Amino acid sequence: QVQLVESGGGLVQAGGSLRLSCAASGRTFSTYAVGWFRQAPGKEREFVAAITRSGGSTYYADSVKGRFTISRDNAKNTVYLQMNSLKPEDTAVYYCAAGVVRYSLYIRSLRQYDYWGQGTQVTVSS
């Protein structure tokens, strides 16, 4: 069992930066891939970024590539999402999720993740 708690959301102007954190409980955190997803009002939850168990590989949605960076510190049971050059269209509730993703082909799929945090609001003003 893994419990996830996101933090770091807030209100920022366009062009600004935020760093989200996802803190996990449980000794087995390093055995899980971790993904960040987001959901804007009236829209489906969508993939943002993911990182493999060791942190050796990262994956991004095209909409955030070059602006967002995902990283993890397994010693601290924490995954980070550094968000730069934020745009109003990045406004959403951001969720982190953990799962045993056996194949990287599926790492962008919500269905690969068994554990989810409660979400943190990110609002980007124009």
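The structure this text deals with has already been given above.
(A) Looking closely at the overall build of the protein chain. Helix and strand content of the protein chain: zero helices and eleven strands. Its helices and strands taken in sequence order, the protein chain reads β-β-β-β-β-β-β-β-β-β-β from the N to the C terminus. Here the C-alpha atoms of the protein chain give a radius of gyration of 13 Å, agreeing with the 14 Å that 2.2 N^0.38 yields for 126 residues. Its C-alpha atoms give the protein chain principal-axis dimensions of roughly 40 × 25 × 25 Å. Burial status across the protein chain gives 44% buried among its 126 residues. For the protein chain, the proportion of contacts with a sequence separation of at least 24, taken over those separated by at least 6, is 58%. Between the centroid of the 14 positive side chains of the protein chain and the centroid of its 8 negative side chains there is a distance of 6 Å.

(B) Molecular detail of the nonpolar core. Core analysis: the largest hydrophobic core is formed by 39 residues, its most contacted members being Leu4, Trp36, Leu81, Met83 and Tyr94. Of all the secondary structure elements, the ones that give two or more residues to this core are β3 (18-24), β4 (33-39), β5 (46-51), β6 (58-60), β7 (68-73), β8 (78-83), β9 (92-99) and β11 (120-125). Residues in contact with Leu4, not counting those within four places in the same chain, are Cys22, Ala23, Ala24, Phe29, Cys96, Ala97, Ala98, Tyr115, Trp116, Gly117 and Gln118.

(C) The sheet that holds strand β1 (residues 4-7), seen in detail. In space, the four strands of this open sheet follow the order β1-β3-β8-β7, with antiparallel pairing throughout. The sheet is open, and its two borders are formed by β1 and β7, each paired with just one other strand. Going across the sheet, the axis of each strand differs from the next one's by a mean of 15°, ignoring polarity. Here six bridges tie β3 to β8, and the two strands are oriented antiparallel to one another.

(D) Highlighting the environment of Tyr95. Among the structural elements, Tyr95 can be located in strand β9. Apart from residues lying up to four places away in sequence, Tyr95 is in contact with Glu6, Gly35, Trp36, Phe37, Gln39, Arg45, Trp116, Gly117, Gln118 and Gly119.

(E) Inspection of the state of the cysteines at higher detail. All chains considered together, the criterion is met by one disulfide. Linked covalently through their sulfurs, Cys22 and Cys96 form a disulfide whose S-S length is 2.1 Å. The S-S bond linking Cys22 to Cys96 shows a torsion near 65°; that makes this disulfide right-handed. Remark: Cys96 occurs in strand β9 and Cys22 occurs in strand β3; sequence separation between them is 74 residues. Judged by relative accessible area, Cys22 falls into the buried class, the value being 0%. Owing to a relative accessible area of 0%, Cys96 belongs among the buried residues under this scheme.

(F) Geometry of the pairing of β11. Side chains Thr120, Val122 and Val124 project from β11 onto a buried face, and the interleaved Gln121, Thr123 and Ser125 project onto a face without burial. Note that strand β2 (residues 10-13) and β11 share four bridges and pair parallel. Its bridge partner being in β11, Gly10 is matched across the sheet by Val122. The pairing of β9 with β11 spans three bridges and is antiparallel. Opposite Ala92, over in β11, you have Val122 as the bridge partner.

Basis of the calculations
Residues numbered from 1 in each chain as written. Predicted model: local features only at pLDDT ≥ 70, side-chain atom pairs only at ≥ 80, totals over all residues. Heavy atoms only, no water. Helix = DSSP H or I, 4+ residues; strand = E, 2+ residues; numbered from the N terminus. Rg over C-alpha atoms; globule rule 2.2 N^0.38 Å. Buried < 20%, exposed > 50% of the residue type's maximum accessible area, 1.4 Å probe, protein only. Contact = heavy atoms within 4.5 Å. Lys, Arg positive; Asp, Glu negative; His and termini not counted. Charge placed at Lys NZ, Arg CZ, Asp CG, Glu CD. Core = buried A, V, L, I, M, F, W, Y, C linked by side-chain atoms within 4.5 Å. Pairing = 2+ DSSP bridges. Axes fitted to C-alpha atoms, helices over the stretch in contact; angles between N-to-C directions. Disulfide = S-S within 2.5 Å.

Read these as geometric descriptors, not functional statements.
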